[in-house]
Amino acid sequence: MSLTDDERATLVALELKKAHDTFEEIEVLTAANKWSGAANRLYYAVFHAVNALLISDGHPVNTHKGAHALFNLNYIKSGIMPVEYGKLYNQLQTMREESDYNCVYDVEPEELKKRIEPARQLINRVESYISEKK
């Protein structure tokens, strides 16, 4: 599907809003000790930011794995984004999948907590990159 510049800008803005809104949910979930839910929301906050990035540059986003692969190929391997962001995205995806689909997996609160600020930084970096291109 081909997008006009206005449609692309609208989708990017919606994805970034979703990233921020989803990120805000983490505070509520961690305060309630709902670590699996917080892991889910943390992954999705980053996922929506990555989608905004991909859409802004005209990359098709069809699946989680596809978004992940395109992010690594076009932004991590090229040096546009730090390698740490690729690793963080991998870790969050694994944590989310384990907590969503594995009934014996428990998210470790400290493991999740140490990823919250780097995820915020990734989202902010994506947003800055997109706004600098305008």
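Look up: the structure comes first, before these words.
Just so we're clear, the structure is a prediction, and the values are computed from it rather than from any experiment. (Residues numbered from 1 in each chain as written. Predicted model: local features only at pLDDT ≥ 70, side-chain atom pairs only at ≥ 80, totals over all residues. Heavy atoms only, no water.)

### Considerations on the packing of helix α4 (residues 83-101) against helix α5 (residues 109-133)
Step number 1: Two elements in contact, α4 and α5, have axes separated by 10 Å at closest approach and are oriented at 130°. With respect to α5, the element α4 is oriented oblique. In terms of crossing hand, the pair formed by α4 and α5 is left-handed. On the side of α4, the interface is formed by Y85, L88, Q91, L92 and M95, while α5 contributes E111, L112, R115, P118, A119, Q121, L122 and R125.
Step number 2: Classifying every residue of the contact of α4 with α5 by side-chain character gives eight nonpolar, two polar and three charged. (Axes fitted to C-alpha atoms, helices over the stretch in contact; angles between N-to-C directions. Helix = DSSP H or I, 4+ residues; strand = E, 2+ residues; numbered from the N terminus. Parallel < 35°, antiparallel > 145°, perpendicular 65-115°, else oblique. Left-handed = near helix turned anticlockwise from the far one by under 90°. Contact = heavy atoms within 4.5 Å. Nonpolar A, V, L, I, M, F, W, Y, C, P; charged D, E, K, R; others polar.)

### Here's the deal with the packing of aromatic side chains
Step number 1: Per the counting criterion, the structure on display carries seven aromatic pairs.
Step number 2: With a centroid separation of 5.1 Å and 75° between ring planes, the pair formed by Y43 and Y44 is classed as edge-to-face. (Phe/Tyr/Trp six-rings, centres within 6.5 Å; stacked < 30°, edge-to-face > 60°.)

### Remarks on unusual backbone geometry
Step number 1: Of note, the phi angle at N33 is positive, near 60°, even though the residue is not glycine.
Step number 2: Mapped onto the elements of the fold, N33 is located in the loop between α1 (5-31) and α2 (35-56).
Step number 3: With relative accessibility at 51%, the residue N33 sits in the exposed group. (Buried < 20%, exposed > 50% of the residue type's maximum accessible area, 1.4 Å probe, protein only.)

### Here we look at α1
Step number 1: Here α1 is 27 residues long and its end C-alpha atoms lie 40 Å apart, about the 39 Å a rise of 1.5 Å per residue gives.
Step number 2: Considering only its buried residues, α1 is in contact with α2 and α5.
Step number 3: Directly after α1, the chain includes N33, whose backbone phi takes a positive value near 60°. (Expected span 1.5 Å × (residues − 1).)

### A few points about the nonpolar core
Step number 1: Counting 40 residues, the largest nonpolar core has F71 and M81 as the members making the most contacts within it.
Step number 2: If you list the elements that add at least two residues to this core, you get α1, α2, α3 (64-76), α4 and α5.
Step number 3: With 15 residues, the top contributor of residues to this core is α2. (Core = buried A, V, L, I, M, F, W, Y, C linked by side-chain atoms within 4.5 Å.)

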